[in-house]
Amino acid sequence: MLNRFNQLLDFFLPRLCVSCFSRLDYNENYICNNCFGEINKPDLIRLQHEYNRKFADDKIISGFTSAFVLEKDKALQHLIHSLKYNENFRIGIYLGKIVAQLCREIIMEWNADYIIPVPLHHLKKAERGYNQSFYIAKGIGSTLNIKLSHSKIKRKRYTSTQTALSLVERRDNIKDAFELKNTRSVHGKKIILVDDVITTGATISECGKILLTEGAAKVFALSVAIAD
Ligand SMILES: [Zn+2]
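In this text, all values refer to a predicted model and were calculated from it rather than measured experimentally.

Calculation rules
- Residues numbered from 1 in each chain as written.
- Predicted model: local features only at pLDDT ≥ 70, side-chain atom pairs only at ≥ 80, totals over all residues.
- Heavy atoms only, no water.
- Helix = DSSP H or I, 4+ residues; strand = E, 2+ residues; numbered from the N terminus.
- Rg over C-alpha atoms; globule rule 2.2 N^0.38 Å.
- Buried < 20%, exposed > 50% of the residue type's maximum accessible area, 1.4 Å probe, protein only.
- Contact = heavy atoms within 4.5 Å.
- Areas by Shrake-Rupley, 256 points an atom, 1.4 Å probe, with all protein chains shown as cover.
- Lys, Arg positive; Asp, Glu negative; His and termini not counted.
- Charge placed at Lys NZ, Arg CZ, Asp CG, Glu CD.
- Donors = N, O, S within 2.8 Å, 3.2 Å for Na, K, Ca; no water.
- Tetrahedral: all angles 85-135°; square planar, octahedral: opposite > 155°, others 65-115°.
- Pairing = 2+ DSSP bridges.
- Right-handed = clockwise from strand over helix to strand, strands pointing away.
- Patch = residues over 30% accessible without salt bridge, like charges linked within 9 Å, V, L, I, M, F, W, Y side chains within 5 Å.
- Salt bridge = Lys/Arg side-chain N within 4 Å of Asp/Glu carboxyl O.

Student: Describe the overall build of the chain, listing the residues and the values that go with them.
Tutor: Counting its regular elements, the chain contains 10 helices and seven strands. The C-alpha radius of gyration of the chain comes to 18 Å, within 12% of the 17 Å expected for a compact globule of 228 residues. Its C-alpha atoms give the chain principal-axis dimensions of about 55 × 40 × 35 Å. Going through the 228 residues of the chain one by one, you find that 48% of them count as buried. Summarising the internal contacts of the chain: among those between residues at least 6 apart in sequence, 73% fall at separations of at least 24. Summed over all atoms, the accessible surface of the chain reaches about 12500 Å², with 51% contributed by carbon and sulfur. Within the chain, the 24 negative side-chain charges are centred at a point lying 6 Å from the centre of the 33 positive side-chain charges.

This is the structure:
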């Protein structure tokens, strides 16, 4: 029924792939199967290497995984761009469901109590009105039956943009930038922190630090993609 409705809708109002702009088939969403198939996935060795590089030293993040590798000007970047800047927050739920399917095994091993999205990165995005990581977290949670926590991580102050900074500068820039609202549901719990893209890991580590300070038992990091 729904497929037939989509077919009818596609006939009058064709939907286009966010990456190659070809017409989407009625059973495709946001991105065509061709473009989707070209998105890189990290293997276990790469994931272990990324964990060692980003998280092993400060012992905040107990486990980490990511579904994809972000490449410049490729399909996944177009998809995430559309999620962030075209008010297309449903792409977040869609990506969250895919992450849940691809990373199901390791996420279930973590046996987490709650999911918490990482807050928005910059003031400008806050003005835009929604946090893309919240929708990604919703997609993951609904697929794997893990609740979103009532506790919220908030930014105490707005940090300057991270892009031009070195790893050390990024850590300094983000240090103590967060606080936790409604801390009760964190105590003694295992929490998965969700972000769209993890680059240095500095932001998600700072968020993890707040959770551990407030008594969380363990913190895991999960993202749609890793980027260099
Ligand atoms: Zn395409």
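Picking up after the structure, the text goes on.
Student: Would you mind going over the coordination of the zinc ion in detail, with residue names and values included?
Tutor: The coordination sphere of the zinc ion contains the protein donors C17 (SG), C20 (SG), C32 (SG) and C35 (SG), at a distance range of 2.3 Å. Around the zinc ion, the four donor atoms are arranged such that angles at the metal cover 101 to 118°; this shape is classified as tetrahedral.

Student: Talk me through the pairing of strand β7 (residues 218–226); I want residue IDs and the actual numbers.
Tutor: Counting buried positions along β7 gives eight out of nine residues, so the element sits mostly inside the fold. By the bridge criterion, six bridges tie strand β1 (residues 63–69) to β7 in an arrangement that is parallel. By the bridge assignment, F68 is partnered in β7 with A225. Bridging between strand β6 (residues 190–198) and β7 involves eight bridges; their strand directions are parallel. Bridged to I191 within β7 is V219. Note that the unit made of β6, helix α10 (residues 202–213) and β7 has a crossover that is right-handed.

Student: Please provide a residue-by-residue account of a nonpolar patch on the surface, values included.
Tutor: On the surface, a nonpolar cluster with roughly 530 Å² of combined accessible area is contributed by L8, F11, F12 and L13. Note that L13 resides in the loop between α1 (2–12) and α2 (33–37). Taking the relative accessible area as the measure of exposure, L13 reaches 60% and is therefore exposed.

Student: Explain the side chain of T65 to me, and be specific about the residues and the numbers.
Tutor: Summarising the element assignment, T65 is placed in strand β1. Setting aside residues up to four positions removed in sequence, T65 forms contacts with L47, C103, I106, W110, A221, L222 and S223.

Student: Report on the environment of I91, specifying residues and quantitative values.
Tutor: Following the sequence through the fold, I91 ends up in helix α5 (residues 90–102). Overall, the relative accessible area of 0% leaves I91 in the buried class. In this structure I91 touches Y30, L79, S82 and L83, once residues within four positions along its chain are discounted.

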